[in-house]
Amino acid sequence: MFFGELHVGLRWRNFKMLTHKMENGSAPIQQLATPHIYNLTVSPDETTPCNFEEFHSWVLSKIYGPHTGEVSARASFVTYRSSAGRGVIIAATLGSGMTFLDATVVNVALRTIGEDLGADLADLQWISNGYLLSLAALILLGGSLGDRFGRRRIFLIGVVWFAVASLLCGLAINPEMLIVARLLQGVGAAMVTPGSLAMIQGAFAPKDRGPAIGAWTGLAAISNALGPFLGGFLIDYASWRWIFLINVPIAVVTIWLTRRCAPESRDEQRVPSFDVLGALLAAVSLAGVTYALIEWGTPTAVILGLIGLVAAASFIMTERLAKNPMMPLELFANRTFSAANIVTLLVYAAMGAIFFFVVLQLQTVTGYSALAAGVATLPITVCMLFLAAPGGKLGARIGPRIPMTFGPLVMAGGIWLLAGIGADSAFIIDVLPGMTIFGLGLALTVAPLTASVLAAAPDRRAGIASGINNAVARSGSLLAVAALPLVVGLSGNDYNVPTALDAQYGPAMWISAGLLALGGFMAWFTIPAGMQEIEETVDA
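Residues numbered from 1 in each chain as written. Predicted model: local features only at pLDDT ≥ 70, side-chain atom pairs only at ≥ 80, totals over all residues. Heavy atoms only, no water.

Draft legend 1. Representation of the overall build of the protein chain in the model. Looking only at helices and strands, the protein chain features 21 helices and three strands. Here the protein chain, with 540 residues, has 58% of them falling under the buried criterion. Contacts in the protein chain between residues far apart in sequence, at least 24 positions, make up 81% of those at least 6 positions apart. Accessible area of the protein chain: about 20,900 Å², with a carbon and sulfur share of 66%. (Helix = DSSP H or I, 4+ residues; strand = E, 2+ residues; numbered from the N terminus. Buried < 20%, exposed > 50% of the residue type's maximum accessible area, 1.4 Å probe, protein only. Contact = heavy atoms within 4.5 Å. Areas by Shrake-Rupley, 256 points an atom, 1.4 Å probe, with all protein chains shown as cover.)

As structure tokens, then:
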């Protein structure tokens, strides 16, 4: 499971953070003597009365970005308990579920894909990374497209795009075709991922959005828990192609439900233009650097790597000068925001490497089937499913610094145990403890990390702040999977040779543990102890 996706669900928990601001007087709203009527500060010199639904909409706009509480006057809300409301939630869950699973289940299939298509290690890296590359580069643009042209419309386009790309993946006859199809999948996911939650946001009346988002988050967690079983089963008892082809009927149901149940919504106060140049430069920079890392030693690697670095510098300059940048650089002037995103990069880089290497090690060296290797990662999902919310509550009570420090260190301890996986390893003794400890550390880290990013950004920029953090997480995993095989000396068909893979598996694990330890120590020295201290840096 790619836990960057959990950022979407965790954002809803920050509703409590904002209502707490209201209660202690630090938010620009206060309850009047009349029950359920509030005074909302709309400018330094002006307040306006509002009822609870209007206040609820205002809070949502602060969590998800400006005007997300507003919809087109032509839109009609659905209610949570109506058949249409259930249809919207199921459609959003199915759509986002496809994109969540295809970011992770592919790791379980990589060895089988390599054997069937004659792929080398570099091909497998591209098959894993192609999806993340286009998704990380375009996810912010995808959200903006939905706000302007209609969230339902862009969600539907993304689902159709994703389904066609999945069909191409399932029909791939060589590694090159599969890599191109995975890149196209990421483009579709960049429209579906932000669109699923935005569609719920626009479809439901303010009083129903909380329960709707809660239901969506719960169903998404269940689908992620079932992913390893379904993916491993299809690979072992049908074909690896079915982990892609199964998306086609799911997409058909999603499209039918969306067209039948979801009203259209958009941001009526949208910005007049898109940062297309910024999105293209981001894609070129990630692609160039990734190519250089994966294909190091080839004549074109250095050239494309330099092109990637130039594109990255150009991206920063473009974002600094653009009237409506997709990544406002002024957010990074806040020390906590910058530090939290660096910690995100380190943590998710290590996590991407873990899922890539551990699954290969279990199959190639230990002899696990695809189903067994997928199920072996289930303890991490279980920890997140049951302990992420308590981890968020702990962070809210004691502040983010301690969980953001000790969470990565606990994860590093789990990797220390997983580094011992070898040919004679037993699941109960050698795999389960490491996976569980890693999951406990992740559950301790994710919610406080997300909350810190949101708290370090102005309320009106909460949506874009969360989107940036999501893109940073994906980029971390992308770059780690590209770089680590080069660093430890794996290449060619080494992934399918037990002695070659086993010799370099340990060093890859120790490097990943080092990234996590670095993230934990950085959090201790850069993240304020309490949430109020973070909010004060924003106000300043």
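Draft legend 2. Layout of the packing of aromatic side chains. Using the criterion set out here, one finds six aromatic pairs in the structure. Taking the centre distance of 5.1 Å and the plane angle of 35° together, the rings of Phe233 and Tyr237 count as tilted. Of the two residues, Phe233 and Tyr237 both sit in helix H9 (residues 206-237), four residues apart, roughly one turn of that helix. Here the aromatic rings of Trp240 and Phe244 are separated by 6.2 Å at their centres, their planes lie at 85°, and the arrangement is edge-to-face. Of the residues examined, Trp240 reaches a relative accessible area of 2% and is grouped as buried. (Phe/Tyr/Trp six-rings, centres within 6.5 Å; stacked < 30°, edge-to-face > 60°.)

Draft legend 3. Spotlight on the pattern of salt bridges. Inspection of the entire model under this criterion finds two salt bridges. The partner of Glu115 in a salt bridge is Arg111, and the shortest N-O contact between them spans 3.7 Å. You can see Glu115 and its partner Arg111 sitting in helix H5 (residues 105-117), four residues apart, about one turn around the helix. According to the relative accessible area criterion, Glu115 is partly exposed, its value standing at 45%. The closest approach of N and O atoms between Asp116 and Arg241, which form a salt bridge, is 3.8 Å. Here Arg241 lies in the loop between H9 and helix H10 (242-245) and Asp116 lies in helix H5, a separation of 125 residues in the sequence. Classification of Asp116 by relative accessible area gives partly exposed; the value is 45%. (Salt bridge = Lys/Arg side-chain N within 4 Å of Asp/Glu carboxyl O.)

Draft legend 4. Molecular detail of the nonpolar core. The biggest cluster of nonpolar side chains holds 138 residues, and the ones touching the most others in it are Leu178 and Phe357. Per-element accounting of this core gives the leading share, 18 residues, to helix H14 (residues 335-364). Once you skip the residues sitting within four places of it in the chain, Leu178 turns out to touch Ile113, Leu117, Ile127, Cys169, Ala172, Trp240 and Phe244. (Core = buried A, V, L, I, M, F, W, Y, C linked by side-chain atoms within 4.5 Å.)

Draft legend 5. The arrangement of the packing of helix H12 (residues 276-294) against helix H13 (residues 299-321) in detail. H13 packs onto H12 with a crossing angle of 150° between their chain directions and a minimal axis gap of 7 Å. The orientation of H12 relative to H13 falls into the category roughly antiparallel. Regarding H12 and H13, the two cross each other, and that crossing is left-handed. A class-by-class count of the residues in the contact of H12 with H13 yields 14 nonpolar, eight polar and one charged. (Axes fitted to C-alpha atoms, helices over the stretch in contact; angles between N-to-C directions. Parallel < 35°, antiparallel > 145°, perpendicular 65-115°, else oblique. Left-handed = near helix turned anticlockwise from the far one by under 90°. Nonpolar A, V, L, I, M, F, W, Y, C, P; charged D, E, K, R; others polar.)

Draft legend 6. Seen up close, the side chain of Ser196. Mapped onto the fold, Ser196 is located in helix H8 (residues 175-203). Judged by relative accessible area, which is 0%, Ser196 ranks as buried. Setting aside its immediate chain neighbours within four residues, Ser196 contacts Ala92, Ser96, Phe155 and Trp216.

Draft legend 7. Region of the structure containing a nonpolar patch on the surface. Together, Val382, Leu385, Phe386, Leu387, Ile398, Ile402, Phe406, Val410, Leu440, Phe521, Trp524 and Phe525 give the surface a local cluster of nonpolar side chains, amounting to about 1,100 Å² of exposed area. Elements with a minimum of two residues in the nonpolar patch: helix H16 (378-398), helix H17 (401-418) and helix H20 (498-526). Take Leu387: its relative accessible area is 35%, and that puts it in the partly exposed class. (Patch = residues over 30% accessible without salt bridge, like charges linked within 9 Å, V, L, I, M, F, W, Y side chains within 5 Å.)

Draft legend 8. Quick look at the environment of Leu440. Along the chain, Leu440 turns up in helix H18 (residues 427-455). Exposure remark for Leu440: the relative accessible area of 40% places this residue in the partly exposed category. Contacts of Leu440, omitting those with residues within four sequence positions, involve Cys383 and Leu387.

Draft legend 9. Seen up close, the confidence of the model for the protein chain. Taken as a whole, the protein chain shows an average pLDDT of 82; of its residues, 83% reach a score of 70 or greater. Contacts of residues 58-75 to residues separated by more than four positions or lying in other chains number 55 contacts, the stretch itself having pLDDT below 50. (pLDDT = per-residue confidence, 0-100.)

Draft legend 10. Just H17, in detail. Look at H17: 26 Å from first C-alpha to last across 18 residues, which is about the 26 Å you get at 1.5 Å a residue. Of all the positions in H17, only Pro403, Met404, Thr405, Gly407, Pro408, Met411, Ala412, Gly414, Ile415 and Leu418 are classed as buried. Looking at the buried positions of H17, the neighbouring elements they touch are H14, H16, H18 and H20. (Expected span 1.5 Å × (residues − 1).)

Draft legend 11. Structural context of helix H11 (residues 247-261). Taking 1.5 Å per residue as the helical rise, H11 with its 15 residues ought to reach 21 Å, and the 21 Å between its terminal C-alpha atoms agrees with that figure. All of the buried residues along H11 are Asn247, Ala251, Thr254, Leu257, Thr258 and Cys261. Along H11, the residues classed as buried sweep out an arc of 130° about the axis, all on the same side. Of the exposed residues in H11, those oriented more than 90 degrees away from the buried face are Val252, Trp256, Arg259 and Arg260. Buried positions along H11 lie against helix H4 (83-102), helix H7 (151-170), H8 and H10. (Arc of directions from axis to C-beta.)

Draft legend 12. Quick look at the side chain of Thr344. Among the secondary structure elements, Thr344 is positioned in helix H14. Judged by its relative accessible area of 0%, Thr344 is buried. In contact with Thr344, other than residues within four places in its own chain, are Leu449, Asn469, Val472 and Ala473.

Draft legend 13. Representation of the packing of H16 against H18. The geometry of H16 relative to H18 is characterised by a closest axis approach of 7 Å and an angle of 35° between their N-to-C directions. Note that H16 runs across H18; the crossing there is right-handed. Contacts from Pro379, Ile380, Cys383, Met384, Leu387, Ala388, Gly391, Gly392, Leu394 and Gly395 of H16 reach H18 at Leu432, Met435, Thr436, Phe438, Gly439, Leu440, Leu442, Ala443, Leu444, Val446, Ala447 and Pro448.

Draft legend 14. Up close: the environment of Pro328. Its place among the elements puts Pro328 in the loop between H13 and H14. A sequence separation of 140 residues divides Pro328 from Ile468, and the C-alpha atoms of the two residues are 9.4 Å apart. Excluding anything up to four places from it in sequence, Pro328 contacts Arg461, Ile464 and Ile468.

Draft legend 15. Just the environment of Gly195, in detail. Inspection of the secondary structure assignment puts Gly195 in helix H8. Sequence spacing of Gly195 and Phe155 is 40 residues, and the spatial spacing of their C-alpha atoms is 5.1 Å.

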